[in-house]
Amino acid sequence: MELLTNSVSPRLSYMAATKPLENIDWTRFTGSNVQLLLDTSWCFGVILYTRLCSTVDSAQRNRLLQDALKAVTVTVEVSRLPNVIERSWWYPWLLGKIRDKLKMDLGTTLDLFQEAVSLCTKDTEVEPLYRLHATRLKRALSVSPQPDFELLSKYSYATVETKPQLRLEDASTDDLTVPRPEKAHEEEKEKDPTNDLLTIVKDCVKAMQRCRKKDRYFSKSVLHRAVAFCHPVMGPDVQHAKELLSPLFKKKQGNEVVDIWRSSDDSTYQTFLNRCNKFDRLREKHMRTYVDFLESTDDWERLKSFARLVQVSAEKVPNMMMKRMADRCALLLSRRP
């Protein structure tokens, strides 16, 4: 099933813009119209979610999220009916993303991401696998609310069932060099929540490695691995985090600064990302993080080189993102000791 077909999206886009979702009588789509209900609720959810990505006003964003939640919840519930032939990993994946943005029950959100992983083929497993463990990692490293380590441990990369099954040994462990606790204090350490956090973080890092191994252009997993190594439980090892990101900033072609490219793939997933304006935001996030790492490690020479590259790019292809990065680099270099 297409994410948004050309024949249905303009009509539904108009409906989504003019008719509040709570006024839609979903019951009229039941019975023999199950497929219509599935298609309609899904298209509504995607339209609302993509509109959310270009909305700044917080009240409007929350309203769009709530409406998208209602629509995609209908999609997921209908897709689980026995007479539905095709079940897509898209449905639980997007519902999980919406619930995560609304900070709803974490267990249900992770269940949805795990369901998405279980519905994948070998060619589509990267994004849902990444989303499951990126969410675990984010929650594990959060200060508020207090992480529920017992819950997060239930979705371990080592045990999560996928199709095909992923094994822990598939991932390299070269960069998991955090010292193990001394055996003499093993019993005491087991009661220390720091040990639970370390176990979860290392598990998530391995999942991120798997994503990168499956798709060498999947840069988001590299960024999460780098961020993980900056946490005190992993050292912190900012130098190692910086070196993880460094290969993405070796100039490849044209005026690009970071090695993140728009895919030529015309899949529905790539179409969805393009509609959500993900590309530029992802590039800026990588650049900001890399600059922070350079500053933290006093790597002024590399920061100076990066600043020159950003400045040239900003002059040749003017845009606000590159201007912000150029200003940020100039400010940091002006503070150089």
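In case you missed it, the structure is sitting above this.
Just so it is clear, the structure is predicted and the values come from calculations on it, not from any experiment.

A. Representation of the overall build of the protein chain in the model. The helix and strand inventory of the protein chain stands at 15 helices and 0 strands. Put simply, the protein chain has 337 residues, and 49% of those count as buried. Expressed as a percentage of contacts within the protein chain between residues at least 6 apart in sequence, the contacts between residues at least 24 apart total 69%. As presented, the protein chain carries roughly 17800 Å² of accessible surface, and 50% of it is formed by carbon and sulfur atoms.

B. Geometry of the packing of aromatic side chains. According to the stated counting rule, one finds 8 aromatic pairs in the structure shown. Ring centres 4.9 Å apart and planes at 70° place the aromatic pair W42 and Y91 in the edge-to-face group. Here Y91 lies in helix α4 (residues 90-101) and W42 lies in helix α2 (residues 34-52), a separation of 49 residues in the sequence. Judged by relative accessible area, W42 falls into the buried class, the value being 2%. Ring centres of W89 and W90 lie 4.8 Å apart, and the angle between their planes is 15°; this geometry places the pair in the stacked category. Judged by its relative accessible area of 9%, W89 falls in the buried class. With a relative accessible area of 10%, W90 lands in the buried category. Put simply, the rings of W89, W90 and W93 pair up and form one aromatic cluster.

C. Fine view of the environment of K70. By the secondary structure assignment, K70 is in helix α3 (residues 58-79). In the structure, K70 is positioned 25 residues away from L95 in sequence and 9.3 Å away in space, judged by C-alpha atoms.

D. Looking closely at the pattern of salt bridges. Evaluated as defined, the whole model comprises 18 salt bridges. For the salt bridge of R87 with E115, the shortest nitrogen-to-oxygen distance reads 2.4 Å. Taken together, the residues R87 in the loop between α3 and α4 and E115 in helix α5 (residues 106-118) connect sequence positions 28 residues apart. Exposure remark for R87: the relative accessible area of 35% places this residue in the partly exposed category. Overlapping salt bridges bring together K242, E243, D299 and R302 as one network.

E. Structural view of α4. An ideal rise of 1.5 Å per residue puts 16 Å on 12 residues; α4 measures up with 17 Å between its terminal C-alpha atoms. With 11 of its 12 residues buried, α4 lies for the most part within the structure. Turning to α4, its buried residues are W90, Y91, P92, W93, L94, L95, G96, K97, I98, R99 and D100.

F. Geometry of unusual backbone geometry. Following G235, the chain continues into P236 via a peptide bond in cis, with omega recorded as -10°. Along the chain, the position of P236 falls in the loop between α10 (219-229) and α11 (238-245). With phi around 55°, D298 is a residue other than glycine that occupies positive phi space. If you trace the backbone, D298 turns up in the loop between α13 (278-296) and α14 (300-316).

G. The arrangement of the packing of α10 against α11 in detail. With their axes 8 Å apart at the nearest point, α10 and α11 run at an angle of 170° to one another. Considering their axes alone, α10 and α11 lie roughly antiparallel with respect to each other. In contact with V222, L223, R225, A226 and F229 of α10, α11 contributes V238, H240, A241, L244 and L245. Along the lines of polarity and charge, the residues of the contact of α10 with α11 split into 8 nonpolar, 1 polar and 1 charged.

H. The packing of α13 against helix α15 (residues 320-334), seen in detail. Viewed as axis vectors pointing N to C, α13 and α15 meet at an angle of 5°, and their least axial separation amounts to 11 Å. By the criterion of interaxial angle, the relationship of α13 to α15 is roughly parallel. Contact residues: α13 offers D280, R283, E284, M287, R288, V291, D292 and E295, while α15 offers M321, M322, R324, M325, R328, C329 and L332. Of the residues in the contact of α13 with α15, the class split is 7 nonpolar, no polar and 8 charged.

I. Quick look at the nonpolar core. Counting residues in hydrophobic clusters, the biggest one holds 81 residues, and the most contacted among them are L94, I98, V201, L245, F249, M287 and F306. Contact partners of V201, with chain neighbours within four places excluded, come to L137, L141, A228, V233 and M234. Formed by 9 residues, the second largest nonpolar core is a distinct cluster that contains L129, A134, Y157 and F218.

Reading guide: rules and limits
- Residues numbered from 1 in each chain as written.
- Predicted model: local features only at pLDDT ≥ 70, side-chain atom pairs only at ≥ 80, totals over all residues.
- Heavy atoms only, no water.
- Helix = DSSP H or I, 4+ residues; strand = E, 2+ residues; numbered from the N terminus.
- Buried < 20%, exposed > 50% of the residue type's maximum accessible area, 1.4 Å probe, protein only.
- Contact = heavy atoms within 4.5 Å.
- Areas by Shrake-Rupley, 256 points an atom, 1.4 Å probe, with all protein chains shown as cover.
- Phe/Tyr/Trp six-rings, centres within 6.5 Å; stacked < 30°, edge-to-face > 60°.
- Salt bridge = Lys/Arg side-chain N within 4 Å of Asp/Glu carboxyl O.
- Expected span 1.5 Å × (residues − 1).
- Axes fitted to C-alpha atoms, helices over the stretch in contact; angles between N-to-C directions.
- Parallel < 35°, antiparallel > 145°, perpendicular 65-115°, else oblique.
- Nonpolar A, V, L, I, M, F, W, Y, C, P; charged D, E, K, R; others polar.
- Core = buried A, V, L, I, M, F, W, Y, C linked by side-chain atoms within 4.5 Å.

Nothing here speaks to function; it is geometry throughout.
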